[in-house]
Amino acid sequence: MADIFGRVVLERKSEWLNRLKGYKVELNGTAQEKKIMNGASEEYQVPGGSNTIVCKVNWCSSNTCSFDVRPGETVYLKVASGMKYFWVTYAVLMLLLLGRTFFKQQLPPQSNIVMIAISVFVLAYFLYYLTIGRNKYLIIKKDEDNIFAK
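Of the residues in the chain, 95% have a pLDDT of 70 or more, and the chain-wide mean is 88. Mean pLDDT per element in the chain: helix α1 (residues 86–102) is the minimum at 78, and strand β2 (residues 24–27) is the maximum at 97.

With that out of the way, let us pick up the environment of Glu144. Positionally, Glu144 belongs in the segment after β9 (138–142). Distance from Glu144 to Pro71, taken between C-alpha atoms, is 20 Å for residues 73 residues apart in sequence.

A few words now on the sheet that holds strand β8 (residues 74–81). The mixed open sheet is built from 4 strands, whose spatial order is β4-β1-β8-β9. Edge strands, defined here as strands with exactly one partner in the open sheet, are β4 (41–47) and β9. Across the sheet, the axes of successive neighbouring strands diverge by a mean angle of 25°, strand direction being ignored. For strand β1 (residues 5–12) and β8, the ladder comprises 6 bridges, and the chain directions are parallel. Within the sheet, the bridge partner assigned to Leu10 lies in β8 and is Leu77.

The next subject is helix α2 (residues 111–130). Look at α2: 29 Å from first C-alpha to last across 20 residues, which is about the 28 Å you get at 1.5 Å a residue. Taken together, the buried positions of α2 are occupied by Ser111, Met115, Ser119, Val122, Tyr125, Phe126 and Tyr129. Viewed along the axis of α2, the buried residues span an arc of 115°, placing them on a single side of the element. Among the exposed residues of α2, those pointing more than 90 degrees away from its buried face are Ile113, Ile116, Val120, Phe121 and Leu127.

Moving on to the layout of surface pockets. Estimated volume of the largest pocket: approximately 310 Å³. Lining the largest pocket are 13 residues, and of these Lys13, Glu15, Ala80, Ser81 and Lys84 sit closest to its centre. Elements with a contribution of two residues or more to the lining of the largest pocket: β8, α1 and β9. Top element by residues in the lining of the largest pocket is β8. It accounts for 3 residues. Within the lining of the largest pocket, the residues separate by chemical class into 7 nonpolar, 1 polar and 5 charged.

This part takes up the nonpolar core. In terms of nonpolar packing, the biggest core is built from 29 residues, with Leu10, Ile53, Phe67 and Leu77 touching the most fellow members. Per element, the largest residue contribution to this core is 4 residues, and it comes from α2. Sequence-distant contacts of Leu77, defined by excluding residues within four places in its chain, comprise Val8, Val9, Leu10, Glu11, Ile53, Cys65, Phe67, Ile140, Lys141, Lys142 and Asp143.

What counts, and where the lines are drawn
Residues numbered from 1 in each chain as written. Predicted model: local features only at pLDDT ≥ 70, side-chain atom pairs only at ≥ 80, totals over all residues. Heavy atoms only, no water. pLDDT = per-residue confidence, 0-100. Helix = DSSP H or I, 4+ residues; strand = E, 2+ residues; numbered from the N terminus. Pairing = 2+ DSSP bridges. Axes fitted to C-alpha atoms, helices over the stretch in contact; angles between N-to-C directions. Expected span 1.5 Å × (residues − 1). Buried < 20%, exposed > 50% of the residue type's maximum accessible area, 1.4 Å probe, protein only. Arc of directions from axis to C-beta. 1 Å grid on protein atoms, 1.4 Å probe; cavity = no way out; pocket = protein on both sides within 12 Å on 5 of 7 lines; lining within 4 Å. Points joined across faces, edges and corners; volume = space filled by probe spheres on them. Nonpolar A, V, L, I, M, F, W, Y, C, P; charged D, E, K, R; others polar. Core = buried A, V, L, I, M, F, W, Y, C linked by side-chain atoms within 4.5 Å. Contact = heavy atoms within 4.5 Å.

Here you go:
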């Protein structure tokens, strides 16, 4: 009897953000038992044809990634954080807080307006991914760098 199933291998690169949490995986709307942990990869069996995959962590999730797989074929995907500028915004916020604390008497009074404006921008970036952009918190895409995908 011919094999009617394909496989999808989902790789999660090692990242500091969410490193302690496993991503829940939904294939074709069905939650999978195996979570994908930081720096790991998991293999799932899927029916041949068109399929969808979504990853979730807490109340945030990824885009819905559609992929086609032929029976007996393996598709390679990767999931990563969608917050590309997390470290930049985090560093700016910490510099503002620490700079304000340690250099309080050396800063001109006009610097308060600049610091408030930058702080609002940084906090808006974080709030975006926790509210409106919560379905873009993670990104799933084809793994073009995987040596087995070629």
